[in-house]
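What follows is each chain in one-letter form.
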Amino acid sequence: MRRIVMAIAAAAALSIPAAGVTASAAEEKELLLFNWSNYMSPDLLKRFEAETGIKVTLDTYDTNESMLSKLQAGGAGYDVVVPTGPTLQQMIKDGLVLKVDAGTFSNYKSVKKPFDNPSFDPGRAYSVPYMWGTTGLVYDTAKVAGGKIDDSWKELFEPRQDFVGKIGMLKDMGEVITAAEYYLGLDQCTEKAEDGQKILELLEKQKPAVKVYNAEGTVDRVASGDVAMELMWNGSFHRAHAKLSSIVYIYPKEGLNLWGDNLAVPKGAKHIENAKLFLNFMMDPKNAAEASNYTGYNNAISGAEQHLKEDLRNDAAFNTPEAMVPRFRPLQLCSKAALDLREKIWTRLLR
Amino acid sequence: MTDAVLPARFTLWRFDLWRFPGTRAVAIAAFLYLYVPIVALVILSFSAGDSSLARWEGFSIHWYLDVLGNADMLRAIRNSLVVASGATTTGTIIATMAALATSGPRFRLQSGFEAMIGLPLIVPDIVAGIATLLFFVMVGVPLGIVSIMLAHSVFAIPFAYLPIRARLQGLDPALAEAAADLYATPWQGFRRIVLPLIWPGIAAGAMLAFISSLGDVVVSYFVSGPGATTLPVYVFSMVRMGVTPAVNAISTLLMLASIALLTVSYLLGRRFQ
Amino acid sequence: MMGSLRRAGLLAPSVLTIGLLLIAPLGLMAYVSTLERGATGGVIWTQHTADAYVQFLFERDLADRLAVNTDYLHIFGRSIAVAAITTAVTLAVAFPMALWMAFQPPRRRLLLVFIVTIPFWTNILVRNYAWILLLRNDGVIDWVLARLGLTGQHIDVLYTPLATTIGLTYSFLPYMVLPIYVSLEKLDRRLIEAAFDLGANRWLAFRRVILPLSMPGVVGGAILVFVPGLGAFISPELLGGAKSMMIGSLIQQQFGQSRNWPFGAALSFVLLVLVLLALSAHAARYRRREPKP
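It should be emphasised that the depicted structure is a prediction, and the values quoted were computed from it without experimental measurement. (Residues numbered from 1 in each chain as written. Chains lettered and ligands numbered in written order. Predicted model: local features only at pLDDT ≥ 70, side-chain atom pairs only at ≥ 80, totals over all residues. Heavy atoms only, no water.)

### Some words on the overall build of chain B
Heads up, the rule is: Secondary structure counts use DSSP, requiring at least four H or I residues in a row for a helix and at least two E residues in a row for a strand, with both numbered from the N terminus. Exposure classes here rest on a 1.4 Å probe applied to the protein chains alone. A residue is buried below 20% of its type maximum, exposed above 50%, and partly exposed in between. By definition, residues are in contact when any of their heavy atoms lie within 4.5 Å.
The helix and strand inventory of chain B stands at 13 helices and 0 strands. Secondary structure elements of chain B occur, N-terminal to C-terminal, as α-α-α-α-α-α-α-α-α-α-α-α-α. With 273 residues in all, chain B has 52% of them scored as buried. When contacts within chain B are restricted to residue pairs at least 6 apart in sequence, long-range pairs at least 24 apart make up 71% of them.

Listed below in structure tokens is the structure:
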């Protein structure tokens, strides 16, 4: 009996220091990565570990806002985060990311223009490019008579009967509101209350036809037929298309978002040198190609094209046809008043 | 008494009255309702196909092998075990002390104290998660394994307290008195007499606390930090992403682990009796 | 005998732990609900405002005028309704089930209790995920119905309040069965025998003897289902989708995407108050029922 008590006391005494010892010993060769869900190739991480001996731990989030929220809520301690351009711009302004001077890294020369000097991070002082892509409209041709719909946001916001109740939307404030703005012909960064009112009315009218608002799990819900129409990122489309060939990606004529995600090192990171190694690693053409092949998104590295998979290159969602390029609308960082307006619309919509 | 007086025929008829019509049907339907989802999950986890659909595409265990080789998941399992061990140990020790205190003569604030012990069970887990998160943020405790362990210790206490208290109540007070009469110090009396006798209660309480810590999702979700994901939180983010055969496999493994733990604790309990 | 000093020493750790890690945080949460929200999340510790509570009932429309907003009340209403329906359904299923179990031979009874509790001991995620598999379009139920040729379309149940209710009833059924079973099992059979002896039929015996005596179990089970159902988070999150939000999901959103901590804290506080009210109402009724010494 006594031995059992001793054993438990010993176990207790050991369990707490054990957690501490492993932490401090592994601090040298560890990297805590905070990324969007389903957005990082596990093979790529394994390759990084093999090359550098640094063990990578991956935690995930579903939107930029959730990532920011977690960083505030005592989530300091991540070494690499993956903000989209405007979010990165805001983080730089607020001092939430560390200066790494990626422009001096060995692989920086492989970065294609204009990604090497974006407006949200001139000279890549704080970040390196990860994936870039577009947010368009996806639908299942098998679910609509004639198999074809207009390439317009109208099909999403004022859907035909075939799609009512079968629509999936990203639970992402920026994506949904900007799509509505393009459809209504409003400025991406509008601050006007009347504009906001129009957007809100459009979204509220659409709401009964929407089945689910979720920025995660788009690939599975489209591939399984849970939704027949989806506001979707083009890489997710590519992966869903591999499972369900009857879906199609549309570049709406009113304009669609062109965004770029970046790897940055947040304030409070504990393994800054490892983070820099990782950032440099991701600028290598072979690695960028591997990331593209896994996620289905474009990369910003020259020399990666030759390593891309065949089906990726042939996908019109990935390889945008010339005629569609003018429809791109790069995502911008809007003023605080504009962002506040978006918040108000979003909270009203999604209670 | 009445059985012997009444004729046999009458007794039989009366026994028949114990059966209430329809209850058996409802009970069977309810058992089916409880088990069909689980059985479906287990069956589908062996489906060989790559698709996440409910179709049976041939038998395969490769999803299980996939899952068991997943480094992130193994790390999450390790984190869960570390957190549960720490929280259980702390919680059980504290609960034992509290049970000892309340099993003596009743003291003035005892009902208030007992209400406080039960508080973690009453507060909705999302409220507890939020409150603990805010507290850690304000005090500046970095979120990680230790923060989750602290949060779990709180509800380990009432889980461990109940069986220990029950066991203590069944104890003959004369035994402790006898020890005191024989010049034993309170600590010796505890160690030599009381502790061995309440040991089954402590073991049961520790097991309850351990299982509840392993299964906690909501509080862990809010207070986990970088790299400190526990298994339920990891599975939660996978499940939110969607249905995949890998998630089916993980879920089945989780379920088997919980059932194994429960069976072990049940057998341990029987053995100690 | 236990000296009061020694007793204080034994009580101190639990008081400190629960006080510091639960009671103080709850107080902090109430305090946070009175603060101003930070621009990118978090709170501004030095600025106070009642905005969080105002937001609960009112809103500033896009032109910044105050207007009554019933939407959060709707969410609370929906949560109460779902919790109440869940309680009612579990009661309707659990009572006959417990009745049947309680009148089984003793050996079998233990086995049945074990069988009822096994699903409960699996992780709550597993319990809800299994229902996603069953309820989704092209899921198991859909597929079975299609194979049987019963319906031409998808069942479209997932991501509705119905799915949430199904998930909650599934998760909480054991909580209702066990208390009722315990109070039925403890019933003195002689009372029922006496009723029969006095010429009662089954229905009368049930209504006049069994039902009243099982009330403590019923009420206990109802509390065990209603209270957690109100603050449920996992089931609405996985099965309900963002359109049938309940309080739990709403609170989580404030600490996630919406980055409105004070509002989240205010919602949590209101939920906590509701729960405590429900519990004290139960305690008060129960105390009144006990015979005075």
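### Topic: the overall build of chain A
For clarity, the cut-off: Both definitions apply: the radius of gyration is a C-alpha atom measure, and the globule rule equals 2.2 Å times residues to the power 0.38. Areas reported as accessible are Shrake-Rupley estimates using a 1.4 Å probe. Residue values count occlusion only from the protein chains shown. His is not counted, nor are the chain ends, whereas Lys and Arg count as positive and Asp and Glu as negative. Note that the charge is assigned to NZ on lysines, CZ on arginines, CG on aspartates and CD on glutamates.
Helix and strand counts for chain A come out as 13 helices and 11 strands. Expected size for 351 residues packed as a compact globule is a radius of gyration near 20 Å; at 22 Å, chain A falls within 12% of this value. Each of the three principal axes of chain A carries a C-alpha extent, and together these read 75 × 55 × 40 Å. Looking at the 351 residues of chain A, the share that counts as buried comes to 59%. Contacts in chain A between residues at least 24 apart in sequence constitute 73% of all its contacts with a sequence separation of at least 6. Total accessible area computed for chain A in this model is approximately 13,700 Å², and 55% of it derives from carbon and sulfur atoms. Once the 41 positive and 45 negative side-chain charges of chain A are each reduced to a mean point, those two points are 3 Å apart.

### Some points on the interface of chain B and chain C
Accessible area lost upon the coming together of the parts is a frequently used measure of interface size. Test applied: Buried area, as used here, totals the accessible surface that two parts lose on assembly, with accessibility defined by a 1.4 Å probe and the loss added over both. Here, a salt bridge means any side-chain nitrogen of Lys or Arg that lies within 4 Å of a carboxyl oxygen of Asp or Glu. Under the rule applied, a polar contact is a pair of N or O atoms within 3.5 Å (in protein, one hydrogen donor and one hydrogen acceptor; residues adjacent in sequence only if both atoms are side-chain atoms). Charged residues are taken to be Asp, Glu, Lys and Arg, nonpolar residues to be Ala, Val, Leu, Ile, Met, Phe, Trp, Tyr, Cys and Pro, and polar residues to be all remaining types, Gly included.
Contacts between the two partners involve 81 residues from chain B, matched on the other side by 80 residues from chain C. Across the interface of chain B and chain C, roughly 7,900 Å² is buried in total on both sides, 82% from carbon and sulfur atoms. Where chain B meets chain C, there are 0 salt bridges. The interface formed by chain B and chain C contains 8 residue pairs in polar contact (both at pLDDT 80 or more). For the side of chain B that touches chain C, the residue count by class is 66 nonpolar, 9 polar and 6 charged.

### Remarks on the nonpolar core
Selection criterion: Residue types Ala, Val, Leu, Ile, Met, Phe, Trp, Tyr and Cys, when buried and joined through side-chain atoms within 4.5 Å, form a set referred to as a nonpolar core.
Among the nonpolar cores identified, the biggest contains 270 residues, and W153, F157 and F278 of chain A are the most heavily contacted of them. Per-element accounting of this core gives the leading share, 13 residues, to helix α3 (residues 71–102) of chain C. Each residue touching W153 of chain A, except ones within four places of it in the same chain, is listed here: T135, G136, L137, A179, Y182, Y183, L231, P252, E254, G255 and L256 of chain A.

### Thoughts on the packing of helix α5 (residues 71–102) of chain B against helix α1 (residues 4–32) of chain C
Note the cut-off: Fitting a line to C-alpha atoms yields each axis, with helices limited to the stretch in contact; the angle taken between N-to-C directions then spans 0 to 180 degrees. An angle below 35 degrees is treated as roughly parallel, one above 145 as roughly antiparallel, one from 65 to 115 as roughly perpendicular, and anything else as oblique. Crossing handedness: left-handed means the near helix sits turned counterclockwise from the far one by under a right angle, and right-handed means the same turn made clockwise.
Here α5 of chain B crosses α1 of chain C at 135°, and the two axes come no closer than 8 Å. It follows from the interaxial angle that α5 of chain B and α1 of chain C lie oblique. Between α5 of chain B and α1 of chain C lies a crossing whose hand is left-handed. Residue-level inspection shows I94, M97, A98, L100 and A101 of chain B of α5 of chain B in contact with α1 of chain C, the latter providing R7, G9, L10, L11, P13, S14 and T17 of chain C. By residue class, the composition of the contact of α5 of chain B with α1 of chain C is 8 nonpolar, 3 polar and 1 charged.

### Digging into the confidence of the model for chain B
Caution applies to low-pLDDT regions: their predicted coordinates should not be interpreted in detail. Residue and element names in this part refer to chain B. What counts is decided by this rule: pLDDT: the predictor's confidence for each residue, scored from 0 to 100.
Chain-level pLDDT for chain B is 81 on average; 86% of the residues reach the 70-or-more range. Below a pLDDT of 50 lies the segment residues 6–15, which in the model reaches 6 contacts outside its immediate sequence neighbourhood of four places, other chains included. For this predicted complex, the interface confidence comes out at an ipTM of 0.84, alongside a pTM of 0.82.

### What to know about the state of the cysteines
Each disulfide consists of one covalent bond between the sulfur atoms belonging to two cysteines. All names here are of chain A. Cut-off, in case you're wondering: Disulfides are defined in this document as cysteine sulfur pairs within 2.5 Å.
Per the counting criterion, the structure on display carries 1 disulfide over all chains. Note that C189 is cross-linked by a disulfide to C334, the S-S spacing being 1.9 Å. Measuring handedness by torsion sign, the sulfur bridge of C189 and C334 sits at about -65° and is left-handed. With a gap of 145 residues between them, C189 in the loop between α6 (173–184) and α7 (193–206) and C334 in the loop between β11 (328–330) and α13 (336–349) connect regions that are remote in the sequence.

### Considerations on the packing of aromatic side chains
All names here are of chain A. Cut-off, in case you're wondering: Note on aromatic contacts: the rings of Phe and Tyr and the six-membered ring of Trp form a pair at centre separations within 6.5 Å, being stacked when their planes are under 30 degrees apart, edge-to-face when over 60 apart, and tilted otherwise. Two limits define a charge over a ring: the Lys NZ or Arg CZ must be within 6 Å of the ring centre, and within 35 degrees of the ring normal.
For the structure shown, the criterion picks out 32 aromatic pairs over all chains. An angle of 85° between the planes, with centres 5.3 Å apart, marks the rings of Y249 and Y251 as edge-to-face. Linked through ring pairs, F34, W36, Y61, Y78 and W233 together constitute an aromatic cluster. Positioned above the aromatic ring of Y294 is the side chain of R239, whose terminal nitrogen or guanidinium carbon lies 4.8 Å from the ring centre. For the cation-ring pair, R329 lies above Y182, with the distance from its terminal atom to the ring centre recorded as 6.0 Å.

### Considerations on the pairing of strand β2 (residues 55–61) of chain A
All names here are of chain A. We count it as follows: When DSSP locates at least two bridges between a pair of strands, those strands are taken to pair. Handedness of a crossover: with both strands directed away from the viewer, a clockwise path from the first strand across the helix to the second marks it as right-handed.
The buried fraction of β2 amounts to 5 of the 7 residues, a majority that puts the element mostly inside the structure. Strand direction decides the pairing type here: strand β1 (residues 30–36) and β2, joined by 7 bridges, are parallel. The residue bridging W36 from the neighbouring strand is Y61, located in β2. On the question of chirality, the crossover connecting β1 to the parallel β2 by way of helix α2 (residues 42–52) is right-handed.

### Looking at the pattern of salt bridges
Under the counting rule described, the total for this entry stands at 18 salt bridges over all chains. Note that E155 of chain A is salt-bridged to R160 of chain A, the shortest N-O span being 2.9 Å. Among the ionic pairs, D226 of chain A bridges to R136 of chain C, the shortest N-O distance being 3.9 Å. Of this pair, D226 of chain A sits in the loop between α8 (218–223) and β7 (229–233) while R136 of chain C is found in the loop between α5 (124–135) and α6 (140–147), placing the two residues in two different chains. We classify D226 of chain A as buried; its relative accessible area is 4%.

### Comments concerning the environment of V144 of chain A
All names here are of chain A. Counting through the fold element by element, V144 comes out in the loop between β4 (127–140) and α5 (154–157). On the basis of relative accessibility, which here comes to 6%, the residue V144 falls in the buried class. In the structure, V144 is positioned 17 residues away from Q161 in sequence and 9.1 Å away in space, judged by C-alpha atoms. The residues touching V144, leaving out its near neighbours within four places in the chain, are Y139, I149, R160, D162 and F163.

### Brief notes about unusual backbone geometry
All names here are of chain A. In this model, K113 is joined to P114 through a cis peptide bond whose omega is 0°. When you line up the elements, P114 lands in the loop between α4 (85–94) and β4. Even without glycine at this site, D101 takes up a positive phi of about 55°. Its location among the elements puts D101 in the loop between α4 and β4. Judged by its relative accessible area of 35%, D101 is partly exposed. Phi angles above zero are rare outside glycine, and R124 is one such case at about 55°.

### Notes on the environment of V43 of chain C
Residue and element names in this part refer to chain C. Structurally, the position occupied by V43 is in strand β2 (residues 43–48). The exposure class of V43 is buried, given its relative accessible area of 14%. V43 sits 200 residues away from K243 along the chain, and the two C-alpha atoms are 28 Å apart. If near-sequence neighbours (up to four positions away) are discounted, V43 is found in contact with V32, L35, E36, R37, G38, W261 and P262.

### Things to note about the side chain of E155 of chain A
Residues and elements named next belong to chain A. With respect to the helices, strands and loops of the structure, E155 is situated in helix α5. Here D150 takes part through its backbone nitrogen, which lies 3.0 Å from a polar atom of the side chain of E155. Not counting residues within four places of it along the chain, the set of residues in contact with E155 comprises L137, I149, D150, R160 and M229.

### A few points about the confidence of the model for chain A
All names here are of chain A. On average, residues of chain A carry a pLDDT of 86, and 91% of them reach 70 or more. Per-element confidence in chain A is highest for strand β3 (residues 80–81), whose mean pLDDT is 95, and lowest for helix α1 (residues 2–26), whose mean pLDDT is 45. Note that pLDDT drops below 50 for residues 9–26; the model gives that stretch 6 contacts with residues more than four away or on any other chain.

### Quick word on the packing of α3 of chain C against helix α9 (residues 202–230) of chain C
Residue and element names in this part refer to chain C. In the contact formed by α3 and α9, the axes pass within 9 Å of each other and the chain directions differ by 140°. Taken together, the axis directions place α3 and α9 in an arrangement best described as oblique. By crossing handedness, the relation of α3 to α9 is classed as right-handed. Residue-level inspection shows S79, I80, A83, A84, T86, T87, T90, L91, F95 and L99 of α3 in contact with α9, the latter providing F206, I210, L211, S214, V218, A222, V225, F226, G229 and L230. In terms of residue class, the contact of α3 with α9 is made up of 14 nonpolar, 6 polar and no charged.

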